[in-house]
Amino acid sequence: MTAVVLESVSKVFNAGRPDEVTALTGVDLTVEQGEFVTLIGPSGCGKSTLLRLVGDLIQPSTGTVTVAGKPAHTARADQEYGIAFQQAGLFEWRTVQRNVELPLELRGTSKRERRERAREMLDLVGLGEFASHYPAQLSGGMQQRVAIARALAVHPPLLLMDEPFGALDEMTRERLQDELLRICASTGTSTIFVTHSIPEAVYLSDRVVVMSARPGRITEVVPVDLGPRGEATRQSPGFFTGITKVRRALRGDAVPAGATS
Ligand SMILES: Nc1ncnc2c1ncn2[C@@H]1O[C@H](COP(=O)(O)OP(=O)(O)O)[C@@H](O)[C@H]1O
Ligand SMILES: [Mg+2]
């Protein structure tokens, strides 16, 4: 089944007012089950808006958003999503374990299952030993991993991530990229990921969706075919070719079909 389908989607904020903004226009995008898709583009081009539309946090002005074959609203009610944003957004008075349990609590999952699931997710992000710590006792990178564990705790078929690694140092960021890919692959999760970083987009993605502003729209979709990622990927010619393609797409001078560089 297709994970996400956006058809002719537009979003206008403050319609009919002097401060009217067309945040998105004419957006068509399909994300396949298990696919990793990244959104990249200049600030204000509508990346967060697109993610929020998929997550049913806002409604489109025109067009339709379908998630797991259902209207986004139904998919949200059915807990088809896990969402992680730039700020980890943990509750300081809850332990790491209980932060990860929160979405399961809200869902009415039994205490025993909650505990087991949170443990499993914390192990997955390499924080099993920190279950009883409080967020303030962890580094920024660790807090972000807790937020990812929390987003994954309900085993969402779809993960929405808005610049989740933006505040992290480069080394932590690269490690988390590898962890995220491993988690998504092992759970079959489909992902839409927003980033400002071209290398990050290329490293993570099956496809990079390039957007432009005023009005926000998709200008190009760059497929990335690098095979299983690892340390060698970051030095491979294919990686640099991907980076060049995305950079050119962002500048608006696309590579003609069939060209090799
Ligand atoms: N709630 C809102 N009300 C009014 N304008 C908004 C709102 N959310 C976003 N916008 C506007 O929509 C455009 C796209 O915003 P956003 O999706 O946050 O861009 P990005 O995430 O790519 O930086 C911007 O011009 C922004 O100011
Ligand atoms: Mg944004």
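Note that the structure is a prediction, hence the values are computed from the model and not measured.

Trainee: In this structure, what is going on with the site of ligand 1? I would like to understand it.
Mentor: Taken together, Phe13, Asn14, Val21, Ala23, Ser43, Gly44, Cys45, Gly46, Lys47, Ser48 and Thr49 make up the full set of residues adjacent to ligand 1. In the model, an oxygen atom of ligand 1 is placed 2.9 Å from a nitrogen or oxygen of the Lys47 side chain. In the model, an oxygen atom of ligand 1 is placed 2.5 Å from a nitrogen or oxygen of the Thr49 side chain. When isolated, ligand 1 has an accessible area of 560 Å², and the protein chains bury 64% of it. Secondary structure elements with two or more residues in the shell around ligand 1: strand 2 (21-32) and helix 1 (47-54).

Trainee: How should I be thinking about the packing of aromatic side chains in this particular structure?
Mentor: Two measures describe an aromatic ring pair: the distance that separates the ring centres and the angle between the ring planes. Considering all chains together, one arrives at 5 aromatic pairs under this definition. Considering the side-chain rings of Phe36 and Phe193, the 5.8 Å spacing of their centres and the 45° angle between planes classify their relative orientation as tilted. You can see Phe36 sitting in strand 3 (residues 36-40) and its partner Phe193 sitting in strand 8 (residues 190-194), a full 157 residues away along the chain. Like Phe193, Phe36 is buried.

Trainee: Explain the sheet that holds strand 6 (residues 81-84) here, please?
Mentor: Two modes of strand pairing occur in sheets, parallel and antiparallel, and in both the strands are linked by backbone hydrogen bonds. An order of 6-7-8-3-9-10 is seen for the 6 strands of this open sheet, with the pairing classed as mixed. The sheet is open, and its two edges are formed by strand 6 and strand 10 (217-223), each paired on a single side. Going from strand to strand, the sheet's axes swing by 15° on average, the running direction of each strand aside. Looking at chain direction, strand 3 and strand 8 are connected through 4 bridges and run parallel. Across the sheet, the residue bridging to Leu39 is Val194, located in strand 8. Packing against the sheet, helix 1 makes contact with strand 3, strand 6, strand 7 (158-162), strand 8 and strand 9 (207-212), and its axis sits at approximately 155° to strand 7.

Trainee: Quick question: what am I supposed to make of helix 6 (residues 170-187) here?
Mentor: Residue pairs three or four apart in sequence face the same way in an α-helix, which turns once every 3.6 residues. Compared with the 26 Å implied by 1.5 Å per residue over 18 residues, the 26 Å span of helix 6 between its first and last C-alpha is a close match. Buried residues belonging to helix 6 abut strand 3, helix 4 (111-124), helix 5 (140-152), strand 7, strand 8 and helix 7 (198-204). Of the residues that open helix 6, the one with a side-chain oxygen 3.1 Å from the backbone nitrogen of Met171 is Asp169. In the segment just after helix 6, Gly188 is the residue with positive phi, at about 70°.

Trainee: Looking at this structure, I do not really get the pattern of salt bridges. What am I missing?
Mentor: Should their charged atoms come close, side chains of opposite charge can pair. Evaluated as defined, the whole model comprises 14 salt bridges. Between Asp56 and Arg76 there is a salt bridge whose closest N-O contact spans 3.9 Å. In this pair, Asp56 is assigned in the loop between helix 1 and strand 4 (62-67) and Arg76 in helix 2 (residues 72-77), connecting sequence segments 20 residues apart. In this structure, the salt-bridge partner of Glu116 is Arg112, at a minimum N-O distance of 3.6 Å. Of the two residues, Glu116 and Arg112 both sit in helix 4, 4 residues apart, roughly one turn of that helix. With a relative accessible area of 46%, Glu116 lands in the partly exposed category.

Trainee: So what exactly am I meant to see when it comes to the pairing of strand 9 here?
Mentor: Put simply, side chains in a regular strand alternate between the two faces of the sheet. Most of strand 9 is tucked away, with 5 of its 6 residues classed as buried. In this sheet, strand 9 lies alongside strand 3 in parallel orientation, the contact comprising 4 bridges. Within the sheet, the bridge partner assigned to Ile40 lies in strand 9 and is Val210. Sheet topology places strand 9 next to strand 10; 6 bridges connect them, and they run antiparallel. Within the sheet, the bridge partner assigned to Val208 lies in strand 10 and is Val222. Connecting strand 9 to the antiparallel partner strand 10 that follows it, the hairpin turn spans 4 residues, and Arg214 within it adopts a positive phi of roughly 50°.

Trainee: Honestly, helix 3 (residues 96-106) in this entry has me stumped. Any pointers?
Mentor: Of all the 11 residues making up helix 3, 8 are buried; the element is thus mostly covered by neighbouring parts of the structure. All of the buried residues along helix 3 are Val96, Gln97, Asn99, Val100, Glu101, Leu102, Pro103 and Leu104. Buried-residue contacts for helix 3 involve helix 4 and helix 5. Downstream of helix 3 by one or two residues, Gly108 has phi in the positive range, about 80°.

Trainee: How do you make sense of the domain arrangement of the chain when you look at a structure like this?
Mentor: Interfaces are often described in size by the accessible area the parts lose on coming together. Annotation of the chain at the domain level lists domain 1 (1-80 + 157-216 + 223-252) and domain 2 (90-155). The distance between the C-alpha centroids of domain 1 and domain 2 comes to 24 Å. In this assembly, 15 residues from domain 1 lie in contact with 12 residues from domain 2. Per-residue buried area on domain 1 facing domain 2 is highest for Gln79, Leu159 and Ile183; these three make up 38% of the total on that side. Remark: the boundary between domain 1 and domain 2 carries 2 residue pairs in polar contact (both at pLDDT 80 or more). Put simply, the parts of the chain that give the side of domain 1 that touches domain 2 at least two residues each are strand 7 and helix 6.

Conventions we followed
Residues numbered from 1 in each chain as written. Chains lettered and ligands numbered in written order. Predicted model: local features only at pLDDT ≥ 70, side-chain atom pairs only at ≥ 80, totals over all residues. Heavy atoms only, no water. Near = heavy atom within 4 Å. Polar contact = N/O pair within 3.5 Å; in protein donor to acceptor, adjacent residues only side chain to side chain. Areas by Shrake-Rupley, 256 points an atom, 1.4 Å probe, with all protein chains shown as cover. Helix = DSSP H or I, 4+ residues; strand = E, 2+ residues; numbered from the N terminus. Phe/Tyr/Trp six-rings, centres within 6.5 Å; stacked < 30°, edge-to-face > 60°. Buried < 20%, exposed > 50% of the residue type's maximum accessible area, 1.4 Å probe, protein only. Pairing = 2+ DSSP bridges. Axes fitted to C-alpha atoms, helices over the stretch in contact; angles between N-to-C directions. Contact = heavy atoms within 4.5 Å. Expected span 1.5 Å × (residues − 1). Salt bridge = Lys/Arg side-chain N within 4 Å of Asp/Glu carboxyl O. Domains from an automatic or database assignment. Buried area = accessible area lost by both parts, 1.4 Å probe.

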